[in-house]
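Fold and contact review
Residue-level listing of the chains:
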Amino acid sequence: MIFLNSSDTLSSQQTINQLLIINIIVMAISRSEDLFSLIKSLTRSDKRAFRLYVGGSGEEKDKIFLQLFDIIDRSTQLDDAIVKTKLGIKQVGQYANAKRHLYSKILTVLRVIKKEKKSIIKIREYIDFAYVLYDKGLYMQALKILSKAKSDAIKHHADFSLITIIEIEKMIHCNHITRSKTDTVANLINQADRVTKNLSNRVALSNLRITLLNEYIKKGHIHSEEQLDELHLFFVEQIQDLNPLELDELERAYLIQSYVWYHYICLQFDQCAHYAEKWITLFQNSVELQERDVNLYLRGYHYLLNSLYHIKDTERFSKYLEEIDHFRTANYRSFSQNTKIISFLYVHIGRMNLHFLNRSYSKGLSDVARTLKRMKRYSKYLDLHKVMILNYKIAWMHLGSGDPKSAMLYIMKIINIKDEALREDIQTYARLMYLMATYDDQDFDKLVSRVKRMKRYLSSVQESNKIQILIYQLFTKLSKIPSFEHKDIMRFYSSEIAQNSTQSESKRALIYIDIVSWLKAKIENRPLSQL
């Protein structure tokens, strides 16, 4: 975003500097895997447009780019040595230059393709045109095109671009006799003040949302009264100066999302579901909001479904899962790649959670098969946190269906993650589930060694809760006594866990590991699916 004051000028040097910055960024992207993943993300129409763009130029140098593009497009994996041989490249640096220029050309084509679908790209193009016209001394034409850009920016709530447009307009009126009316300048000042206030609200709410998200990714839900009080004070401090009546639609969506995050982290799922429904209703009443940020709309469904899952409201859960699934199916072709991935995550996680609510584990494995195919398709685009959550749920599905060996395979995918900052709580519950799967597999020799490893792990983590300790103690006992005494131990610890289940940290634990149902199934000699 570029802010200009009355002393700024739109010179040719500015344009050159911007181009140099873009060139430096693109030059840094010469890694083969970046180019490979970009090409593999293209749709058929994207590829067709690129070939027309490059092939139609008739320039000899473009033939190399097209040849490189086709080689990568047909490859399942990239081998630089083979590619260079096919291209006949021998000079040092020529291959890296070819990759950089190809990357840049692809982005150029995608920008043209997406321009009509993505309003923000069109608005930025208008701003670029205004720069060019102003450099030519055609400041009145620049004002005309800025007027069009402003109209679109207001329509699509592109406030970051809007403030840039207004500042350029102010600069032109300050530096040139534009014969503008007095109220034109006054309107520009009022517009700038209003947009600046909106941007201030939006940035503050965005900061709040990402702070809450960051804390959740690192620590998960709150696990002490002290943490709850600390988070409450922080949250109130951040929103106390905001007047909901003065917020626009998008700002209200951000504020509601912040409430959802706050209550979700605090394990207050009834309130979380309440605000998530407000979130969805806000988007359903505004087609413009849906078009502007469909991902935010889908995210509202995701948190509503999560909240309803935790309070075990199966009826409402089924209703809203059907809604998001229908919306996804009806609009899938118009979704961007990113939206397709997000919708996959939310719908597939929702389907698994519905199976958990209904205890239809074996039936759920058919959905898991479809989930695994999508995970493979989007493997380059899924972050570790999302992959970890998916693997955790898949492991539990296998455990619930009576297949502990398969469950352990997916648990190990979590245990082997080396990122210590990534959901320490899930790492702990995965290891406890591993003990459950080992027990179900009747491998009591391995249970002994895995209990010992669990002890070392618990001593290394920053914090552990009462439920985690009780589960560890349960398996410590089970690993040391004969099997005919196991049910007595299970009854004892089932009672202990029940007595501690009302505490906030215990509620958090039981969200992720249903040890209560597992113990009941063992005591009653029934599979989990029949409870």
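Remember, it's a predicted structure, so these values are computed and weren't measured experimentally. (Residues numbered from 1 in each chain as written. Predicted model: local features only at pLDDT ≥ 70, side-chain atom pairs only at ≥ 80, totals over all residues. Heavy atoms only, no water.)

Let us look at the packing of aromatic side chains. Under the counting rule described, the total for this entry stands at 25 aromatic pairs. Ring geometry for F235 against Y259: centres 5.2 Å apart, planes inclined by 75 degrees, an arrangement best described as edge-to-face. Of this pair, F235 sits in helix α11 (residues 225–239) while Y259 sits in helix α12 (residues 249–265), and the two are 24 residues apart along the sequence. Classification of Y259 by relative accessible area gives partly exposed; the value is 22%. (Phe/Tyr/Trp six-rings, centres within 6.5 Å; stacked < 30°, edge-to-face > 60°. Helix = DSSP H or I, 4+ residues; strand = E, 2+ residues; numbered from the N terminus. Buried < 20%, exposed > 50% of the residue type's maximum accessible area, 1.4 Å probe, protein only.)

For the rest of this paragraph, the subject is the pattern of salt bridges. All chains considered together, the criterion is met by 25 salt bridges. Among the ionic pairs, D73 bridges to R51, the shortest N-O distance being 3.1 Å. Note that D73 is positioned in helix α4 (residues 60–74) and R51 in helix α3 (residues 44–55), a separation of 22 residues in sequence. The class for R51 is partly exposed, based on a relative accessible area of 31%. Here D367 ties to R370 by a salt bridge, and the two come within 3.0 Å at their closest N and O atoms. One end of the pair, D367, and the other, R370, are both in helix α18 (residues 361–377), 3 residues apart, so they sit about a helical turn from each other. Salt bridges sharing partners connect three or more residues here, namely K47, R51, D70 and D73. (Salt bridge = Lys/Arg side-chain N within 4 Å of Asp/Glu carboxyl O.)

Our next topic: the confidence of the model for the chain. The pLDDT averaged across the chain works out to 86; a share of 89% of its residues lies at or above 70. Across the chain, element-level confidence peaks in helix α16 (residues 314–331) with a mean pLDDT of 97 and bottoms out in helix α1 (residues 12–27) with 44. Overall, residues 1–30 carries pLDDT values under 50, and its contacts beyond four positions in sequence, including any with other chains, amount to 37 contacts. (pLDDT = per-residue confidence, 0-100. Contact = heavy atoms within 4.5 Å.)

Measuring from the side-chain oxygen of the N-cap residue of helix α5 (residues 80–87) to the backbone nitrogen of A81 gives 3.0 Å; that N-cap residue is D79. Phi for G88, located one or two positions after α5, is positive at around 70 degrees. (Polar contact = N/O pair within 3.5 Å; in protein donor to acceptor, adjacent residues only side chain to side chain.)

Attention now moves to the nonpolar core. One finds Y392, L474, F475 and W518 to be the most contacted residues of the largest nonpolar core, which totals 117 residues. It is helix α17 (residues 337–358) that contributes the most residues to this core, 11 residues altogether. Not counting chain neighbours up to four residues away, the residues in contact with W518 comprise M436, Y439, D440, F475, M490 and L528. If you look at the next biggest cluster of nonpolar residues, it comprises 25 residues, including L133, A142, A149 and L188. (Core = buried A, V, L, I, M, F, W, Y, C linked by side-chain atoms within 4.5 Å.)

This paragraph deals with the environment of S460. Here S460 is to be found in helix α22 (residues 444–460). Polar contacts involving the side chain of S460 include one to the main-chain carbonyl oxygen of Y457, which spans 2.6 Å.

In this section: the packing of helix α15 (residues 294–310) against α16. One can describe the packing of α15 onto α16 by two numbers: an axis separation of 9 Å at closest approach and a directional angle of 160 degrees. The angle between α15 and α16 falls in the class roughly antiparallel. Classified by chirality, the crossing of α16 by α15 is left-handed. Contact with α15, carried on its side by V294, Y297, L298, Y301, L304, L305, L308 and Y309, involves R316, F317, Y320, L321, E323, I324 and F327 of α16 and no other residues of that element. Residues of the contact of α15 with α16, tallied by class, amount to 13 nonpolar, no polar and 2 charged. (Axes fitted to C-alpha atoms, helices over the stretch in contact; angles between N-to-C directions. Parallel < 35°, antiparallel > 145°, perpendicular 65-115°, else oblique. Left-handed = near helix turned anticlockwise from the far one by under 90°. Nonpolar A, V, L, I, M, F, W, Y, C, P; charged D, E, K, R; others polar.)

Quick look at the packing of helix α19 (residues 384–400) against helix α21 (residues 424–440) now. Closest axis-to-axis distance for the α19/α21 pair is 11 Å, and the angle between their directions is 20 degrees. It follows that α19 is roughly parallel to α21 by the angle criterion. In this structure, the crossing between α19 and α21 has a hand that is left-handed. The residues of α21 that touch α19, namely those facing M388, I389, Y392, A395, W396 and L399, are I426, Q427, Y429, A430, M433, M436, A437 and D440. Partitioned by chemical class, the residues of the contact of α19 with α21 number 12 nonpolar, 1 polar and 1 charged.

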